[in-house]
Amino acid sequence: MRRILVIGGNGQLGHCLQKLAPKYHDLYDFNFTGSSVLDITNDEQVDTVFAEYRPDFVINASAYTAVDLAEKEVEKAFAVNGDAVGNLAQVCKDNNAILIHVSTDYVFDGETNLSYSEDDFTNPIGVYGASKRKGEELALENNPETVILRTSWLYSEFNKNFVKTMLHLFEIKDELGIVGDQFGQPTNANDLAEAIMEIIGAEKKTFGIYHFSNYPETTWFDFASKIKEFSDSSVQLKAITTEEFPTPAKRPKRSTMSLDKIEKDYHIEPKHWENSLRDCIEILKLTNA
Ligand SMILES: NC(=O)C1=CN([C@@H]2O[C@H](COP(=O)(O)OP(=O)(O)OC[C@H]3O[C@@H](n4cnc5c(N)ncnc54)[C@H](OP(=O)(O)O)[C@@H]3O)[C@@H](O)[C@H]2O)C=CC1
Ligand SMILES: Cc1cn([C@H]2C[C@H](O)[C@@H](COP(=O)(O)OP(=O)(O)O[C@H]3O[C@@H](C)C(=O)[C@@H](O)[C@H]3O)O2)c(=O)[nH]c1=O
């Protein structure tokens, strides 16, 4: 049986992979590690887990994801999202394991009206995006046979994310201002987990950077408006500008990514974000999470 090591098993993507794993129990053995067992910045721990588990595939679902805090914790963000990813790619190469690494739309500056393709110029405007870009570069430099999946606006029923933040704020506020001039593509992390498993199962593997998200593009305000509609909330939402919602980190104005390459090479068809959002909110209603 082929072995899959999931690093960052307690994050939202990690949880979605845990949820999906039973479907693949006759094909793969899974080992989900949290940061207390495997800290990706600890090279010795990485070596030990590889030596003991001998994975065929490694899914790196771990990352430093605090976009605003990263502006202060620059070193930590680069250690986890940059250098550690470079080391992981090297260790995967040395051990004949295929690395599936996850990156972000925040590697782009967002100053375009076209959808970004995989080989478009990156120009991160914040520390988080810059640290994730460093990880992409180091991974491909050390091990070109790495699959890097750039995704965007990830949410799920697990952990902290925009959907759950909105549902919480709808409970405690009568009115909310939401940025209406930043565009991107929300992604249900359960869909990303499925895409990762499809790539692992693909007979013919192609490597390098791939974009994966739900589609089409929307704004944070329109996204929040759908969350309101699907959750039957009576909160009043108002579209505001980026300037009216100041944050420590700058966010791209429009980070919409083209999904053609993953569709062509891996036959993975993106889902409409409204359908995937509806699924998530139904689960949250059922579980009262
Ligand atoms: N969230 C989003 O909106 C988006 C995320 N992405 C990318 O998708 C991927 C998954 O994100 P998501 O599931 O939301 O992330 P989460 O923030 O939910 O989870 C990240 C996980 O990484 C773990 N982690 C942090 N530092 C380390 C470390 N040094 N060693 C090992 N594990 C560590 C954390 O473990 P612990 O808590 O135990 O420390 C946590 O469980 C990441 O690569 C992220 O950059 C891309 C686009 C959008
Ligand atoms: C809570 C809140 C946020 N906003 C805005 C701020 C920001 O522009 C936008 C999203 O805010 P958040 O801080 O939740 O999302 P943010 O942390 O920027 O989300 C990003 O996370 C990283 C990890 C990624 O990789 C990106 O793809 C993206 O998903 O919504 C409002 O306008 N009103 C509000 O009440």
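Cut-offs used in this document
- Residues numbered from 1 in each chain as written.
- Chains lettered and ligands numbered in written order.
- Predicted model: local features only at pLDDT ≥ 70, side-chain atom pairs only at ≥ 80, totals over all residues.
- Buried ≥ 20, exposed ≤ 12 C-beta atoms within 10 Å, placed from the backbone.
- Helix = DSSP H or I, 4+ residues; strand = E, 2+ residues; numbered from the N terminus.
- Pairing = 2+ DSSP bridges.
- Contact = placed C-beta atoms within 7 Å.
- Near = placed C-beta within 6 Å.
- Nonpolar A, V, L, I, M, F, W, Y, C, P; charged D, E, K, R; others polar.
- UniProt positions renumbered as here; feature names shortened; annotations may be inferred.
- Expected span 1.5 Å × (residues − 1).
- Arc of directions from axis to C-beta.

Draft legend 1. The arrangement of the pairing of strand β4 (residues 98-104) in detail. Of all seven residues making up β4, seven are buried, and the element is well covered by its neighbours. Residues Ile 98, Ile 100, Val 102 and Thr 104 line one face of β4 and the alternating positions Leu 99, His 101 and Ser 103 line the opposite face, and both faces are buried. The pairing of strand β3 (residues 57-60) with β4 spans four bridges and is classified as parallel. Bridging across to β4, Val 58 finds its partner in Leu 99. Bridge count for β4 against strand β5 (residues 146-151) is six bridges, and the pairing is parallel.

Draft legend 2. The environment of Phe 108, seen in detail. In this fold, Phe 108 is placed in the loop between β4 and α4 (127-142). Overall, Phe 108 belongs to the buried group, with 26 C-beta atoms counted inside 10 Å. Note: C-alpha distance between Phe 108 and Asp 56 (52 residues apart in sequence) is 31 Å. Phe 108 has contacts with Tyr 116, Thr 122, Asn 123, Pro 252 and Ser 255, leaving out every residue within four places of it along the chain.

Draft legend 3. Geometry of the site of ligand 2. Close to ligand 2 lie 19 residues, the nearest being Thr 65, Val 67, Thr 104, Val 179 and Trp 220. For the shell around ligand 2, the elements supplying multiple residues, two or more each, are α5 (162-172) and β7 (175-179). Of all the elements, β7 adds the most residues to the shell around ligand 2, at four residues. A class-by-class count of the residues in the shell around ligand 2 yields 10 nonpolar, seven polar and two charged.

Draft legend 4. Here's a closer look at the UniProt feature "domain: RmlD-like substrate binding" (unreviewed entry) in the protein chain. Those places that UniProt annotates as "domain: RmlD-like substrate binding" (unreviewed entry) correspond, in this numbering, to residues 3-284. When the span residues 3-284 is considered, its composition is 39% helix and 18% strand, and the gap between its end C-alpha atoms is 31 Å.

Draft legend 5. Structural detail: helix α9 (residues 273-287). Under the 1.5 Å per step criterion, the end-to-end length of α9 is 21 Å for 15 residues, consistent within 8% with the ideal 21 Å. Looking at α9, one finds that the buried residues are Trp 273, Ser 276, Leu 277 and Cys 280. Each buried residue of α9 sits inside an arc of 100 degrees when the element is viewed along its axis, so together they form one side. Exposed residues pointing more than 90 degrees away from the buried face of α9 are listed as Asn 275 and Leu 286. Looking at the buried residues of α9, the elements they touch are β6 (154-155), α5, β9 (187-188), α6 (189-201), β11 (218-219) and α7 (220-230). Among the residues trailing α9, Asn 288 stands out with phi positive, at a value near 60 degrees.

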